[in-house]
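# Coordinates in review
Each chain, written out:
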Amino acid sequence: MEIFTYMEKYDYEQLVFCQDKNSGLKAIIAIHDTTLGPALGGTRMWTYNSEEEAIEDALRLAKGMTYKNAAAGLNLGGGKTVIIGDPRKDKNPEMFRAFGRYIQGLNGRYITAEDVGTTVQDMDLIHMETDFVTGISPEFGSSGNPSPITAYGVYKGMKAAAMEAYGDDSLEGKVVAVQGVGNVAYTLCEHLHKEGAKLVVTDIHKEAVQRAVDAFGAEAVDPDDIYDVDCDIYAPCALGATINDDTIPRLKAKVIAGSANNQLKSTKHGDIIHEKGVVYAPDYVINSGGVINVADELNGYSQARAMKKVEGIYDNLMNVFKISKRDNVPTYVAADRMAEERIQSVSKSRNQFLLNGHHTLSRR
Ligand SMILES: NC(=O)C1=CN([C@@H]2O[C@H](COP(=O)(O)OP(=O)(O)OC[C@H]3O[C@@H](n4cnc5c(N)ncnc54)[C@H](O)[C@@H]3O)[C@@H](O)[C@H]2O)C=CC1
Ligand SMILES: CC(C)CC(=O)C(=O)O
């Protein structure tokens, strides 16, 4: 990959490589755009097949955060980190403290939180070195683990998508195929089970599947079989790019609504599902509950205020569906328009020179 060519194409601001031999830290912080404010986005720890794959993941996820934060009405830009390693085997406290020092070095341009493979405990270790971290333990006045709130937002968003597809937002009796039953999806399954939905679940880890089978009477299928399930709603809640050339012909659901980031392998796949009449809830709109929740910490956390905003995901998605129909464009294009309009209007209103801090002449 020609990194600068890629960064220029999608207008990235900064890419930071962090290495600490003592702890084994190898991390990449990607900052996409800070027009709306500091870049806020989680830290993912994953076993990548190559460094290039890790860089690409960090870049794509960071851009997604710019759009997510803009579409959610937050005054925040987009960034994300990936740490290369197996979260089940390669973690140690020094690793997260070393990473915290790198974040501190960015002096507030980037604020982190959890993502796949990282936990509240990891964020607490980062917090030993920097204040630019959210989703730490509640005893520090933080909002804690964002996953249950993300799940609630996805549940609300799924109801909005059902309303669009079926003219009724009840999920009772609907068959929902859930891919990946990790932190977010387990709580999502809880909400769906309570409403009377029928669950079909899969995960690469057997114990995660068993937990959902035991708690919600879910039917279990093998990871690759989830695309063939006869269901009303496909909920991708693992990693990205599962809506692609191979899976689209197999998917039977009328609705795609889940928590995973970067669900479309490429924009062309968003066009194909639109033409097939599938109601797709754009990933970064439906899964914005977690970031809305942690972002509230920047104002002194109020759960009531954050939850009120998370409830708004339903209306935000209905608005996306409205724009999609009005402009006759796929829903992912409608969501991008909503986010880009906000970024552009703020960047226009900020084009006047404003003296923040000392003027250089004051040093004379
Ligand atoms: N945690 C949060 O608050 C937020 C999470 N997201 C996104 O939601 C997704 C899930 O996040 P979490 O639940 O936090 O992560 P997690 O790591 O707790 O759960 C992901 C689950 O997917 C499983 N998985 C991975 N590859 C799979 C495959 N090919 N087939 C089946 N299962 C597979 C994993 O074993 C794991 O159980 C991720 O894409 C994440 O970026 C988005 C917004 C916020
Ligand atoms: C986990 C969230 C708090 C932030 C994030 O990185 C996301 O929404 O993907």
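Nothing here was measured: the structure is a model prediction, and the numbers come from that model. (Residues numbered from 1 in each chain as written. Chains lettered and ligands numbered in written order. Predicted model: local features only at pLDDT ≥ 70, side-chain atom pairs only at ≥ 80, totals over all residues. Heavy atoms only, no water.)

You can see His269 is positioned in helix α8 (residues 267–275). The class for His269 is buried, based on a relative accessible area of 4%. Excluding its chain neighbours within four sequence positions, the residues that come into contact with His269 are Ile243, Asn244, Asp245, Ile248 and Leu264. (Helix = DSSP H or I, 4+ residues; strand = E, 2+ residues; numbered from the N terminus. Buried < 20%, exposed > 50% of the residue type's maximum accessible area, 1.4 Å probe, protein only. Contact = heavy atoms within 4.5 Å.)

Close to ligand 2 lie Gly41, Gly42, Met65, Lys68, Lys80, Ala113, Glu114, Pro146, Asn261, Gly290, Val291 and Val294, which account for all nearby residues. The contact in question runs from an oxygen atom of ligand 2 to an N or O atom on the side chain of Lys68, over 2.6 Å. Between ligand 2 and Lys80 there is a distance of 2.6 Å, counted from an oxygen atom to a side-chain nitrogen or oxygen. Alone, ligand 2 offers 280 Å² of accessible surface; in the complex the protein occludes 93% of this. Contributing elements (two or more residues each) for the shell around ligand 2: α2 (51–71) and α10 (289–295). Along the lines of polarity and charge, the residues of the shell around ligand 2 split into five nonpolar, four polar and three charged. The two domains that each donate at least three residues to the shell around ligand 2 are domain 1 (3–64 + 77–137) and domain 2 (147–338). (Near = heavy atom within 4 Å. Polar contact = N/O pair within 3.5 Å; in protein donor to acceptor, adjacent residues only side chain to side chain. Areas by Shrake-Rupley, 256 points an atom, 1.4 Å probe, with all protein chains shown as cover. Nonpolar A, V, L, I, M, F, W, Y, C, P; charged D, E, K, R; others polar. Domains from an automatic or database assignment.)

Spatial ordering of the open sheet is given by β9-β8-β7-β10-β11-β12, a layout of six strands whose pairing is parallel. Whereas interior strands pair on both sides, the edge strands pair on one side only; in this sheet they are β9 (219–220) and β12 (279–280). Pairing between strand β7 (residues 175–179) and strand β8 (residues 198–202): five bridges, direction parallel. Bridging from a neighbouring strand, Val175 pairs with Lys198 of β8. (Pairing = 2+ DSSP bridges.)

For Asn107, which is not a glycine, the phi torsion comes out positive at approximately 55 degrees. Within the secondary structure, Asn107 is located in the loop between α3 (93–105) and β6 (110–111). Its identity is not glycine, yet Ala241 carries a phi of approximately 65 degrees, on the positive side. Residue position: Ala241 is located in the loop between β10 (233–236) and β11 (255–256). Among the residues examined, Ala241 registers a relative accessible area of 23% and is labelled partly exposed.

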